[in-house]
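# Structural characterization, general
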Amino acid sequence: MNVINSEWPDIAPQTLTEGSRRGRPWALGVVALVILLVAVGLHSWRAARTAVPPPPPLPALPVAAAILSPVDVPAAIETVGSLRAVSEVMIAPEVAGRIVGIRFQAGGRVQAGALLVQIYDAPEQADLSAAQARASFAAAQLARSEQLAPTGAEPRQLLQQRRAERDQALAAVRQLAARVTQKQIRAPFSGEIGIRRADVGQYLNPGDPIATLTNLDSLYVDFSLPQQELAKVRVGGTVRISSDAWPGRTFAARVNAIEPRVGEDTRSIRIQAVVPNRGRALRPGMSVSAALDLPPERNALVVPATAIQLSASGESITVIRGPGAAAGGKAEVVAVSTGRRVGDQVIVTQGLNAGDVVVTEGQTRIRPGADVKVAIAPAKAR
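### Some thoughts on the overall build of the chain
- Each helix and strand in the chain was counted, giving three helices and 20 strands.
- Put simply, the chain has 382 residues, and 33% of those count as buried.
- The contacts of the chain with a sequence gap of at least 6 include a subset with a gap of at least 24, amounting to 74%.
- Summing over all exposed atoms, the chain offers an accessible surface of approximately 23600 Å²; the carbon and sulfur share of this is 55%.

Written as structure tokens, this is what we have:
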């Protein structure tokens, strides 16, 4: 028993010292971890107290919008034309002479056959009177010969001579009457007389201008179209005429003739239409816009021109997406392809579908994905 007890003191102290040495690194690690966690928590708490709060979400931007719906769009070929009078002449003398009378007022209206200018014709009038007297005498001589020749009192040869003399006398009357008529310048048709270019007492040569006479009741519209449009043109087709002289007003014309030959230089076709000129609003020589009506384009999607944005990548339109897009939603920029313009509307040929809500005003302030609200009740785009 004593031997066993005497050995314990040497063994026990050695065993406890080795165990304490093995557990010391583990305890130090735990302490270090706790310190680290406390430091991280303290740092997070300080950061939370000093951090700037996140900005509130941006409010939805107000915009104006339109709902796309298919519509039938009138189709037309637009070009530039000019007006020309159906009837227009320059009043001028056929023979030389001195003006002794002017029977019109510049800018007034004259009727067909009205005397406009009288040229001195006293010599012709005197010759005409003499010729008429000779014709009357020749007619009397012929009447007497026609009574005597059947009885044999006069030869039949003399009767034939009397007839020839009568015919010659009548021809001389007609010739002199024509000369007198040439000295009287009359209106060939009813119309508007232009500004006078001659005065009483002025000597005129044949062809010297006196004034223009224009019939303004109807006018020709001359315009040209490319040859590829030939199949769309027909006589009787409707042409809408507009002029900057009458903003907002249109005039209806009808195709009257199509030039049978295509221009070799321009490869275009000349078209002529007739427009009634009620009220004489249009004048010859005016430049006008001519739109040849075609069958309408069915189920087209049109948007206001203000909805289209231009950039280096092309044309685009801002569309509102979401379940309640008619009232608001997310903005999405959609690339589109457009066709022709109809007034203040543009046809969209690719990129949009019927029912899409497009932003028509305010899209320049919107970024893709931004929240928007429709401030103006959307209307049907047509």
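### Topic: the pattern of salt bridges
- Applying the stated criterion to the full structure yields 18 salt bridges.
- Between R196 and D199 there is a salt bridge, with its nearest N and O atoms 2.7 Å apart.
- Across the pair R321 and E332 runs a salt bridge whose closest N-O atoms are separated by 2.9 Å. Residue R321 is located in strand 15 (residues 314-321), and its partner E332 is located in strand 16 (residues 328-335); the two are separated by 11 residues in the primary sequence.
- Here R321 falls in the partly exposed class, since its relative accessible area comes to 31%.
- Here the salt bridges share partners, and the residues they tie into one network are R109, E192, D217 and R280.

### Some words on the layout of surface pockets
- Of the volumes computed, that of the largest pocket is approximately 340 Å³.
- Among the secondary structure elements, those contributing two or more residues to the lining of the largest pocket are strand 2 (71-91), strand 10 (238-242), strand 13 (287-304) and strand 17 (337-342).
- A per-element tally of the lining of the largest pocket places strand 2 first, with four residues.
- The residue makeup of the lining of the largest pocket, split by class, is six nonpolar, five polar and four charged.
- Here the second largest pocket defines a volume of roughly 210 Å³.

### As for the sheet that holds strand 5 (residues 115-119)
- One open sheet holds the four strands; their spatial order is 6-5-3-8, and the pairing between them is antiparallel. The open sheet has two edge strands with one neighbour each: strand 6 (184-186) and strand 8 (203-204).
- Across three bridges, strand 5 lies against strand 6 in antiparallel orientation. Note on strand 6: the bridge partner recorded for Q118 is Q184.

### Notes on the side chain of N277
- Position of N277 among the secondary structure elements: in the loop between strand 12 (268-276) and strand 13.
- Those residues in contact with N277, other than ones at most four positions away along the chain, are L216, D217, S218, L219 and L282.

### What about unusual backbone geometry?
- The residue R267 is not glycine, and still its phi comes out positive at about 55°.
- Turning to its location among the elements, R267 is positioned in the loop between strand 11 (250-258) and strand 12.
- The class of R267 is partly exposed, set by a relative accessible area of 48%.

### Focus on helix 3 (residues 156-182)
- Here helix 3 spans 40 Å end to end across 27 residues, near enough to the 39 Å set by a 1.5 Å rise per residue.
- Residues of helix 3 that are buried make contact with helix 2 (122-148) and strand 6.

### Thoughts on the nonpolar core
- Ranked by internal contacts, the top residues of the largest apolar core, which has 26 residues, are V221, F223, V239 and I241.
- Elements that contribute at least two residues to this core include exactly strand 2, strand 9 (211-226), strand 10, strand 11, strand 12 and strand 13.
- No other element matches the five residues that strand 9 contributes to this core.
- Contact partners of F223, with chain neighbours within four places excluded, come to T79, V80, G81, V239, I269, R270, I271, A273 and A290.
- Counting 17 residues, the second-largest nonpolar core is a separate cluster that includes I99, V110, L116 and V117.

### Focus: the pairing of strand 19 (residues 357-361)
- Judged by how many residues are buried, strand 19 sits mostly within the fold: four of five residues are covered.
- Bridging between strand 1 (residues 61-68) and strand 19 involves four bridges; their strand directions are antiparallel. Residue pairing in the sheet places A66 in a bridge with V358 of strand 19.

### Thoughts on the packing of aromatic side chains
- Overall, the coordinates contain zero aromatic pairs when judged by the stated rule.
- The lysine or arginine in question, R98, covers the ring of Y120, its NZ or CZ lying 4.9 Å from the ring centre.

### Looking at a nonpolar patch on the surface
- Residues L33, L36 and L37 make up a contiguous nonpolar surface patch of about 310 Å² in total accessible area.
- The exposure class assigned to L37 is exposed, which follows from its relative accessible area of 56%.

### What about the confidence of the model for the chain?
- Summary statistics for the chain give a mean pLDDT of 85 and a share of 85% for residues scoring 70 or more.
- Helix 1 (residues 2-50) is the least confidently modelled element of the chain, averaging 58 in pLDDT, while strand 5 averages 96, the highest of any element.
- Taken together, the stretch residues 1-16 has pLDDT below 50 and engages in one contact with residues farther than four places along the chain or on a different chain.

### Observations regarding helix 2
- With 27 residues, helix 2 should cover 39 Å at 1.5 Å per step; its first-to-last C-alpha distance of 40 Å lies within 8% of that length.
- Where helix 2 is concerned, the buried positions are E124, L128, A131, A135, A138, Q141, L142 and S145.
- Against the buried residues of helix 2 lie helix 3.

What counts and what doesn't
Residues numbered from 1 in each chain as written. Predicted model: local features only at pLDDT ≥ 70, side-chain atom pairs only at ≥ 80, totals over all residues. Heavy atoms only, no water. Helix = DSSP H or I, 4+ residues; strand = E, 2+ residues; numbered from the N terminus. Buried < 20%, exposed > 50% of the residue type's maximum accessible area, 1.4 Å probe, protein only. Contact = heavy atoms within 4.5 Å. Areas by Shrake-Rupley, 256 points an atom, 1.4 Å probe, with all protein chains shown as cover. Salt bridge = Lys/Arg side-chain N within 4 Å of Asp/Glu carboxyl O. 1 Å grid on protein atoms, 1.4 Å probe; cavity = no way out; pocket = protein on both sides within 12 Å on 5 of 7 lines; lining within 4 Å. Points joined across faces, edges and corners; volume = space filled by probe spheres on them. Nonpolar A, V, L, I, M, F, W, Y, C, P; charged D, E, K, R; others polar. Pairing = 2+ DSSP bridges. Expected span 1.5 Å × (residues − 1). Core = buried A, V, L, I, M, F, W, Y, C linked by side-chain atoms within 4.5 Å. Phe/Tyr/Trp six-rings, centres within 6.5 Å; stacked < 30°, edge-to-face > 60°. Lys NZ or Arg CZ within 6 Å of the ring centre and 35° of its normal. Patch = residues over 30% accessible without salt bridge, like charges linked within 9 Å, V, L, I, M, F, W, Y side chains within 5 Å. pLDDT = per-residue confidence, 0-100.

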